[in-house]
Amino acid sequence: MFKVLVIHGPNLNLLGKREPEIYGKTTLEEINSMLRELASELGVYIELIQSNHEGEIVTKIQEAIGKFDGILINPAAYTHTSIAIRDAIISTSIPTVEVHISNIYRREEFRRRSFISDVAVGVVSGFGKESYLLGLRGLVNYLKEKQSA
Ligand code: DQA
């Protein structure tokens, strides 16, 4: 059974209350329930964490070595700033999918740069909470194809 670590970055604990016109009204707990449901449908094990701290996210990615087959991450604002998270992803070589609730390419200029995208297997951005579900499907499909290659 594939094991997937889901990482929610800073301020995503405020989903539901935070800028609902951009991020919707769904809470993080509701998104996590949807992810748990999809994971059981796909037959994969998932663990979900949220952190507002860059270093903690780096540590979680490092600790995933040998424990997880894939990482689904919404790095939130760290997407646009964190070379440390990028380096952690490269260092672990764990296939990683980047997700964003909003379409980061149709917002402020500074959100168009991602330090994560070119080290990710794929990116899903702009589909609201559905981005997470599409991302999990994409990641599991990638892992299956890699296994049978
Ligand atoms: C986000 C987009 C980021 O630019 C922003 O800083 C976030 C959330 C998204 O899911 O749309 O916190 O990652």
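Quick look at the structure, then. (Residues numbered from 1 in each chain as written. Predicted model: local features only at pLDDT ≥ 70, side-chain atom pairs only at ≥ 80, totals over all residues. Heavy atoms only, no water.)

For the protein, the count of helices and strands is five helices and five strands. Listing each helix as α and each strand as β along the protein from the N terminus yields β-α-α-β-α-β-α-β-β-α. Computed over C-alpha atoms, the radius of gyration of the protein comes to 14 Å, within 12% of the 15 Å expected from 2.2 N^0.38 for 149 residues, which places it in the range of a compact globule. Expressed as lengths along the three principal axes of its C-alpha atoms, the size of the protein is roughly 40 × 30 × 25 Å. Long-range contacts, defined as pairs at least 24 residues apart, comprise 77% of the intrachain contacts of the protein with a sequence gap of at least 6. Only carbon and sulfur atoms are counted for the fraction: they give 50% of the accessible area of the protein, which is about 7,600 Å². (Helix = DSSP H or I, 4+ residues; strand = E, 2+ residues; numbered from the N terminus. Rg over C-alpha atoms; globule rule 2.2 N^0.38 Å. Contact = heavy atoms within 4.5 Å. Areas by Shrake-Rupley, 256 points an atom, 1.4 Å probe, with all protein chains shown as cover.)

Of all five residues in strand S3 (residues 70-74), five are buried; the element is thus mostly enclosed. Here S3 shows two buried faces, one formed by Gly 70, Leu 72 and Asn 74 and the other by Ile 71 and Ile 73. Direction of pairing for strand S1 (residues 3-8) relative to S3: parallel, over a ladder of five bridges. Bridged to Val 6 within S3 is Leu 72. Two elements, S3 and strand S4 (residues 96-100), share three bridges in a ladder whose sense is parallel. The partner of Ile 73 across the bridge, within S4, is Glu 98. (Buried < 20%, exposed > 50% of the residue type's maximum accessible area, 1.4 Å probe, protein only. Pairing = 2+ DSSP bridges.)

Moving on to the pattern of salt bridges. Counted by the stated rule, this structure contains seven salt bridges. Close ionic contact of Glu 108 with Arg 111 constitutes a salt bridge, the shortest N to O distance being 2.7 Å. Look at Glu 108 and you get partly exposed, because its relative accessible area is 34%. For Arg 111, a relative accessible area of 16% gives the class buried. (Salt bridge = Lys/Arg side-chain N within 4 Å of Asp/Glu carboxyl O.)

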